[in-house]
Amino acid sequence: MSDFRRVLVLGTGPVSIQLAVTLKNRLNGCVGIVGRQSVRSESFFTALKQNNRFIRADIQNEKHRAMKGECLVDHVFHGYGTITGEWDTLILSVTTDAYIGVLKQIDKQLLQQIKCIVLVSPTFGSNSLIRNYMHGLASDAEIISFSTYLGDTRWMHDRPSNHVITTAVKKKLFIGSTRHPSRNVETLCELYEQLGIALEVMPAPLDAETRNISLYVHPPLFMNDFSLSVIFGEVRTKKYVYKMYPEGPITQYLIRDMLAQWKEITSMIETMNMKGINLLKFMTDDNYPVRLESLSRHDIDNFNELETIHQQYLLYIRYTSLLIDPFSEPDQEGKYFDFSAVPLRTLFVNREGEWDIPRMPKEDYYRIKIIQGIAKYVGSKCPTIDQFIRTYESKIEQAAQAHQGERLSDAFVVRSFAEDLQMICSEIGTRLGIQALN
């Protein structure tokens, strides 16, 4: 029997609502939601209270109707320290850099009873991090990693409430567990099949965590001078993440760095006795396809064996091919949907009244620092990743200086994430037979 009879979803974002609706309606167990008490979550908790714990998930596209639904949440907890009762499974639906901070707030005796923890959108090393923390509590809970979240879910009316809309759903995801075989993984595979999503079971959680496209494309797209000058308000003209220069950051040099970073991550992964990905194949087959007239099947399948300049050329073609949605219907003027018009978001004042950095690149900073730390630990060089981090950290230091005397979030602080890295590398070291991180 699986451990999804009593499931607690950690986090108060739109993803938590979609997951709670899906788990309640598809698995018919007891489902609770918990989040930290903050200005940001106040309207979320208020909406749940006003609607007597009723939540609703809508869809933008009828082909995703399996995601649609509504239900009553069985339990709602204000603050992680207020959780009571017995729970079989925790679903971590918070940002990866908050995993340990959240778990530390939960009663240790309660955590020791947990049988399974599911990481909805981890980064490389997240499973090792949680496993190490739970081992410290003498827990042998199963830890499951997805490659990423199943789609794109947002608030229905652009503010936290009890109502969300899912606008996009992925066709395929990857999953890995600390247990083999795993009844819980089987249950999740069956569940996702009902949602129309294929789940490929990987040999280990780390393998699943390498299958997150954000690892490979976000740092080069966001941690460059062009994008950061827009994000930090130095350029007032609207610019776009996936457009070519000067409308966006994509140049031959950005593509060069994207390829170099992928090779550095691949080298690190192979040092850990794991198999890397074919970047172009992953981009086209598992994320956004392009027409075969733009990229041939032969070039996609044999990408890893090609010379560096040929690989750069194909990556450049891939991004130019997606300036428009190549599978959309053209309008009367012959224009296709402007697929690449995703604006670079700028600094904003958060609900706590602090200057804050947009989720991209704020969350990517944690991801890439963890990868840098793991690479150093296993003796794998990563000069391109080092450069991305230098560029980003220099910018947040400059911004903190420019906003001196104003309220700033902790996103403006240069971080080492040393505690998380120590825990991650301890697990990786055990697996590879390497001494602990100094």
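Right, let's walk through the structure included here.

What counts and what doesn't
Along each chain, residue indices are assigned from 1 in the same order as the chain's sequence is written. Since the coordinates come from a predicted model, pLDDT governs what is reported: local features require at least 70, and pairs of side-chain atoms require 80 or more to be given and counted, while whole-chain, interface and lining totals use all residues. Only hydrogens and water are set aside when side-chain values are computed; all heavy atoms of the structure are taken into account. The way it works is that DSSP assigns letters per residue, a run of H or I at least four long becomes a helix, a run of E at least two long becomes a strand, and they are numbered from the N terminus. Whenever a nitrogen or oxygen atom comes within 3.5 Å of another N or O atom, the pair is scored as a polar contact, on the condition that within protein one atom can donate a hydrogen and the other can accept it, and that pairs from neighbouring residues in sequence are kept only if both atoms are in side chains. Should any heavy atoms of two residues lie within 4.5 Å, those residues are considered in contact. Whenever a carboxyl oxygen of Asp or Glu lies within 4 Å of a side-chain nitrogen of Lys or Arg, that contact is scored as a salt bridge. Whether a residue is buried, partly exposed or exposed follows from its accessible area with a 1.4 Å probe, protein chains only, as a fraction of its type maximum: under 20%, in between, or over 50%, in that order. Put plainly, a pocket is an open set of points on a 1 Å grid over the protein atoms alone with protein on both sides within 12 Å along at least five of seven lines, a cavity is a set where a 1.4 Å probe fits but cannot get out, and a lining residue has an atom within 4 Å of a point. Grid points are joined across faces, edges and corners, and a volume is the space filled by probe spheres set on the points. Each pair of strands is called paired provided DSSP finds at least two bridges between the two strands. By convention, a crossover is right-handed whenever its connection, traced from the first strand over the helix to the second and viewed with the strands pointing away, goes clockwise. Stacked, tilted and edge-to-face are the three classes assigned to paired rings of Phe, Tyr and Trp, where Trp is represented by its six-membered ring and a pair needs centres within 6.5 Å; plane angles under 30 degrees give stacked, over 60 edge-to-face, the rest tilted. Charge-over-ring placement is defined geometrically: NZ (Lys) or CZ (Arg) within 6 Å of the ring centre, and within 35 degrees of the ring normal.

### Some remarks on the side chain of serine 2
Move 1: Here serine 2 shows up in the segment before strand S1 (6-10).
Move 2: Only 3.5 Å separates the side chain of serine 2 from the side chain of threonine 187, close enough to count as a polar contact.
Move 3: Among all residues touching serine 2, those that are not within four sequence positions of it are Arg183, Asn184 and Thr187.

### Considerations on the pattern of salt bridges
Move 1: By the definition in use, this model includes 22 salt bridges.
Move 2: Between aspartate 58 and arginine 56 there is a salt bridge whose closest N-O contact spans 3.1 Å.
Move 3: Note on arginine 56: relative accessible area 34%, which makes it partly exposed.
Move 4: Notably, a salt bridge pairs glutamate 363 with arginine 359, separated by 3.9 Å at the nearest N-O pair. With glutamate 363 and arginine 359 both in helix H14 (residues 359-377) and 4 residues apart, the pair spans about one turn of that helix.
Move 5: In this structure, a network of salt bridges that share partners links the residues Lys281, Asp285, Arg297 and Asp301.

### Considering empty space enclosed by the protein
Move 1: For the structure shown, the criterion picks out 1 cavity of 30 Å³ or more.
Move 2: Estimates place the volume of the largest cavity at around 110 Å³.
Move 3: Contributing to the lining of the largest cavity are Leu19, Thr22, Leu23, Ile91, Val118, Val120, Phe146, Leu150, Leu188, Leu191 and Tyr192.
Move 4: Contributions of two or more residues to the lining of the largest cavity are made by helix H1 (14-27) and helix H6 (183-194).

### Some points on the environment of asparagine 52
Move 1: Relative to the elements of secondary structure, asparagine 52 occurs in the loop between helix H2 (39-50) and strand S3 (54-59).
Move 2: Asparagine 52 sits in the exposed class, given a relative accessible area of 58%.

### Things to note about unusual backbone geometry
Move 1: Between histidine 180 and the following residue, proline 181, the backbone shows a cis peptide bond with an omega angle of -10 degrees.
Move 2: As for its placement among the helices and strands, proline 181 is situated in the loop between strand S11 (172-177) and H6.
Move 3: Geometrically, the link from methionine 360 to proline 361 is a cis peptide bond, its omega value of 25 degrees lying close to zero.
Move 4: Here proline 361 lies in helix H14.
Move 5: Positive phi is not limited to glycine here, since asparagine 28 has a value of about 60 degrees.
Move 6: Within the element layout of this structure, asparagine 28 appears in the loop between H1 and strand S2 (30-35).
Move 7: What makes asparagine 28 exposed here is its relative accessible area of 64%.
Move 8: Positive phi, close to 60 degrees, is recorded for alanine 138, a residue that is not glycine.
Move 9: By the element assignment, alanine 138 lies in the loop between helix H5 (126-136) and strand S8 (142-146).

### Quick look at helix H8 (residues 213-222)
Move 1: Taken across its 10 residues, H8 has 10 buried, putting it largely inside the fold.
Move 2: Of the positions making up H8, those classed as buried are Ile213, Ser214, Leu215, Tyr216, Val217, His218, Pro219, Pro220, Leu221 and Phe222.
Move 3: The backbone nitrogen of serine 214 lies 3.0 Å from a side-chain oxygen of the residue at the head of H8, namely asparagine 212.

### Re the environment of aspartate 225
Move 1: Among the secondary structure elements, aspartate 225 is positioned in helix H9 (residues 225-231).
Move 2: Residue aspartate 225 is classed as exposed on the basis of its relative accessible area of 60%.
Move 3: Expressed as a C-alpha distance, the spacing of aspartate 225 and lysine 395, which sit 170 residues apart in the sequence, is 8.7 Å.

### Considering the pairing of S1
Move 1: With 4 of 5 residues buried, S1 is to be regarded as a mostly interior element.
Move 2: Pairing analysis gives 5 bridges linking S1 to S2, with the strands arranged parallel. Opposite leucine 10, over in S2, you have valine 34 as the bridge partner.
Move 3: A crossover connection joins S1 to the parallel S2 through H1; in handedness this β-α-β unit is right-handed.
Move 4: Where S1 lies against strand S6 (residues 89-92), 4 bridges are found, and the strand directions are parallel. Directly across from valine 9, in S6, lies its bridge partner isoleucine 91.

### Some remarks on the packing of aromatic side chains
Move 1: On inspection of all chains with the given rule, the structure shows 12 aromatic pairs.
Move 2: An aromatic cluster is built from Tyr365, Tyr366, Tyr392 and Phe417, whose rings are joined through pairwise contacts.
Move 3: Positioned above the aromatic ring of tyrosine 240, the side-chain terminus of lysine 243 is 5.8 Å from the ring centre.
Move 4: The ring of tyrosine 319 carries arginine 318 above its face, with NZ or CZ at 4.9 Å from the centroid.

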